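Examination of the molecular architecture
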Amino acid sequence: MTVDGFTPWPADLEARYKAEGHWTDRLLGDVLHGDPDALALVVGDDRLTYADLDSRAARTAAGLLALGLRRGDRAVVQLPNTAGFVVVFLALVRLGAAPVLALPAHRESEIRYLCELSEARAYICADRDGDFDYRALARTLPVEHVIVEGEAEEFTPLASVDADPVAAPAPDPSDVGVFLLSGGTTGLPKLIPRTHRDYVYNLAASAELCGLGRDTVYLVVLPAAHNFALACPGILGVFATGGTVVLSPSGAPDEAFPLIERERATVCAVVPPIALLWLDAVTWSDEDLSSLELLQVGGAKLAAERAAEIPAALGCRLQQVFGMAEGLLNYTRLDDPQDLVERTQGRPLSPSDEVRVVDEDGEQVAPGEVGELLTRGPYTLRGYYRAPEHNARSFTPDGFYRTGDLVRELPSGHLIVEGREKDQINRGGDKISAEELENHLLAHPAIHDAAVVGVPDPVMGERTCAFLIIREGEKAPGLRETKDFLRTRGLAAYKFPDRLETTTEFPRTPVGKISKKLLTARLR
Ligand code: OOB
């Protein structure tokens, strides 16, 4: 059953998650649980208390309401790590207008599609990011309202979206509160509907597991719009437990380390390439990182050898996080033996998370064997938004989500990620759908066929390699030309190939599909 593109949990599970206390009536807009005078958010020289942030969120919500945004609407939000992101997020969820969280790196190809799919009434963006002008992108979009943080030109400045707070109808806890983006395995990105109650559980249970509290100072170095930095436990988990969030523009040591020292940051979440960069940078940097208590590493596989180095080198505890925007989160626990922290990607957050490890026929594998991870639970989606055909493949009849990840389960319940079955490249935590990139490459006049694979890389985990078959009589485009071509198509740059290989035919599987395994083997 779907309602307006959203698949709810069946009634028996809904009753169970409520009875177990996971699902409450708390709303995403009510997450601010700090003392009014306590410091909630630090961005550059701006320091906002909980009272300041609450008031800015309420005034912005009233401003959005005055523009005509209502419960049930959607707004595509594309903001970097700014106070505006936090305020806009809180304002929208308070109105019950769901933010569709795009990443700052997305370009016209992704943003246009997200606006169309979600029928967004507003696009809320920054003015620019280096050379890139979001306002130029906004001019091409089919939305009623464009709201810009910074220099707005002909659009509505975010600062002017401000009015005296008024009462508005509250959303229902079972409404979709926010849409996250899927890493994707298909030609077009997928939207993940997260309800108020499932996402509140996600962030609150994560905050408890990680031991967050009033003394927590959480440094955000990943994009705030990514699930990991937003709610695992992330920005929202910190707000729910009364701590302080510090926003950094990036994870580069020369930006992040001075902030750790200045704000005495205690917790930070990073992807493996950033962790490796930090391991190297601490050997020469002279910032004081002694406040750091916990480094969460996730988004891609962290090598056990590197994991073992982190506690001594950075003077903090390590936590591995194997999560997904679709829901399921696995964490190593703060009191797990070091061996499990180094070698595994953690175990499920919730006692109500159900996991199955299955073979190609969907049969459970023997304990300890590698198989595909299937899962359902109180914060794992039951269907992508408006994607019935894809949903038929991505879920089992009894509602388990097929993660496409290959794992091994230890007797303790800890999972080790052994690989991937889905047609996706994980480039240091950035996910690239092979099919999406292939479709863009096929639009090039010289390219007859394209197949995209991941190549192992010591820093990024994987890099992207595109195998191309060139049309007769045409010249193969070089890497530079190919990237320029993809840029004109409005594709996010992190999806560009790192390497091109030309070939005359693709190896096939017995059923005639391109064998990416054999293609990858050609590179060795
Ligand atoms: C996180 O979320 P997404 O949606 O960007 O990507 C999910 C996928 C997983 O299905 C898996 O393939 C991969 O990313 N992944 C890992 C991993 N964490 C994620 N693979 C190996 N080891 C890990 N530790 O990436 C995400 C969401 C919430 C918290 C943390 C990460």
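To start, this report covers the structure provided alongside it. (Residues numbered from 1 in each chain as written. Predicted model: local features only at pLDDT ≥ 70, side-chain atom pairs only at ≥ 80, totals over all residues. Heavy atoms only, no water.)

**Topic: the side chain of Thr 503**
Test applied: Under the DSSP-based scheme used, a helix requires at least four consecutive residues in state H or I and a strand at least two consecutive residues in state E, with every element numbered from the N terminus. Each polar contact in these results corresponds to two N or O atoms within 3.5 Å; when the atoms are within protein, one needs to be able to donate a hydrogen and the other to accept it, and residues that are neighboring in sequence are counted only if both atoms are side-chain atoms. By definition, residues are in contact when any of their heavy atoms lie within 4.5 Å.
Its location among the elements puts Thr 503 in the loop between strand E27 (499–502) and helix H16 (516–522). Engagement of the side chain of Thr 503 in a polar contact is seen with the backbone oxygen of Glu 505, the distance being 3.1 Å. Polar side-chain contacts of Thr 503 include one of 3.1 Å to the side chain of Arg 522. Leaving out residues up to four positions away in the same chain, Thr 503 has contacts with Phe 467, Leu 468, Ile 469, Ile 470 and Arg 522.

**Observations regarding the packing of helix H14 (residues 434–442) against helix H15 (residues 479–488)**
We apply this condition: Helix axes are fitted only over the stretch in contact, all axes being lines through C-alpha atoms; the angle between N-to-C directions runs from 0 to 180 degrees. Should an angle lie under 35 degrees it is considered roughly parallel, over 145 roughly antiparallel, and from 65 to 115 roughly perpendicular; all remaining angles are considered oblique. For this classification, the nonpolar set comprises Ala, Val, Leu, Ile, Met, Phe, Trp, Tyr, Cys and Pro, the charged set comprises Asp, Glu, Lys and Arg, and every other residue, Gly included, is treated as polar.
Between H14 and H15, the shortest axis-to-axis distance is 10 Å and the interhelical angle comes to 100 degrees. Between H14 and H15, the crossing angle belongs to the class labelled roughly perpendicular. Every residue of H15 that contacts H14 at Leu 437, His 440 and Leu 441 is listed here: Thr 482, Phe 485 and Leu 486. Its residues assigned to classes, the contact of H14 with H15 shows four nonpolar, two polar and no charged.

**Examining the site of the ligand**
Defined as follows: The nearness test applies per residue and asks whether one of its heavy atoms lies within 4 Å of the molecule or strand. Note on areas: these come from Shrake-Rupley sampling with a 1.4 Å probe, and a residue is covered only by the protein chains present in the view.
Around the ligand, the structure places 20 residues, and the nearest of them are Val 321, Ala 325, Asp 405, Lys 422 and Lys 431. Within the backbone of Ala 325, a nitrogen or oxygen atom sits 2.9 Å from an oxygen atom of the ligand. One of the side-chain nitrogen or oxygen atoms of Lys 431 is found 2.9 Å away from an oxygen atom of the ligand. Surface burial for the ligand is 96%, taken as the share of its 600 Å² of free accessible area covered by protein chains. Here the shell around the ligand takes four residues from strand E16 (residues 317–324), the largest share from any one element. Residue composition of the shell around the ligand, by class: nine nonpolar, seven polar and four charged.

**Re the packing of aromatic side chains**
The test is simple: For Phe, Tyr and Trp, rings pair up if their centres lie within 6.5 Å, where Trp contributes its six-membered ring, and each pair is then called stacked (planes under 30 degrees apart), edge-to-face (over 60) or tilted (otherwise). Note on classification: 1.4 Å probe, protein chains only; a residue is buried when its accessible area is under 20% of the maximum for its type, exposed when over 50%, partly exposed between these limits. Throughout this description, the term charge over a ring refers to an Arg CZ or Lys NZ atom that lies within 6 Å of the ring centre and within 35 degrees of the ring normal.
Throughout the structure, instances matching the rule amount to eleven aromatic pairs. Judged by centre distance (5.6 Å) and plane angle (45 degrees), the ring pair of Phe 395 and Tyr 401 falls under tilted. The two residues Phe 395 and Tyr 401 agree in class, both being buried. An aromatic cluster of three or more residues is present, and its members are Trp 9, Tyr 17 and Trp 23. One cation-aromatic arrangement involves Arg 107 over Phe 132; the distance from NZ or CZ to the ring centre is 3.7 Å. Directly above the aromatic system of Phe 400 lies the positively charged group of Arg 356, at a separation of 3.9 Å from the ring centroid.

**Some details on a negative patch on the surface**
Here is the rule we go by: Two joining distances apply to patches: 9 Å for like charges and 5 Å for nonpolar side chains (Val, Leu, Ile, Met, Phe, Trp, Tyr), and every residue must have over 30% relative accessible area and no salt bridge. Just to be clear on terms, a salt bridge is a Lys or Arg side-chain nitrogen sitting within 4 Å of an Asp or Glu carboxyl oxygen. Positive charges are assigned to Lys and Arg, negative charges to Asp and Glu, while His and the chain termini are left out of the count. Every charge is mapped to an atom, namely NZ of Lys, CZ of Arg, CG of Asp or CD of Glu.
Together, Asp 359, Glu 360, Asp 361, Glu 363 and Glu 421 give the surface a local cluster of negative charge. The topology assignment puts Glu 360 in the loop between strand E19 (354–358) and strand E20 (371–376). A residue is classified by how much of its surface remains accessible, and Glu 360, at 79% relative accessible area, is exposed.

**Side note on the pattern of salt bridges**
Scanning the entire structure with this criterion turns up 41 salt bridges. The partner of Arg 214 in a salt bridge is Asp 35, with the nearest N and O atoms 3.2 Å apart. Taken together, the residues span a long stretch of sequence, with Arg 214 in the loop between helix H6 (196–209) and strand E12 (217–220) and Asp 35 in the loop between helix H1 (11–19) and strand E1 (39–43) at a distance of 179 residues. In this structure, a network of salt bridges that share partners links the residues Arg 128, Asp 133, Arg 135, Arg 139, Glu 153 and Glu 154.

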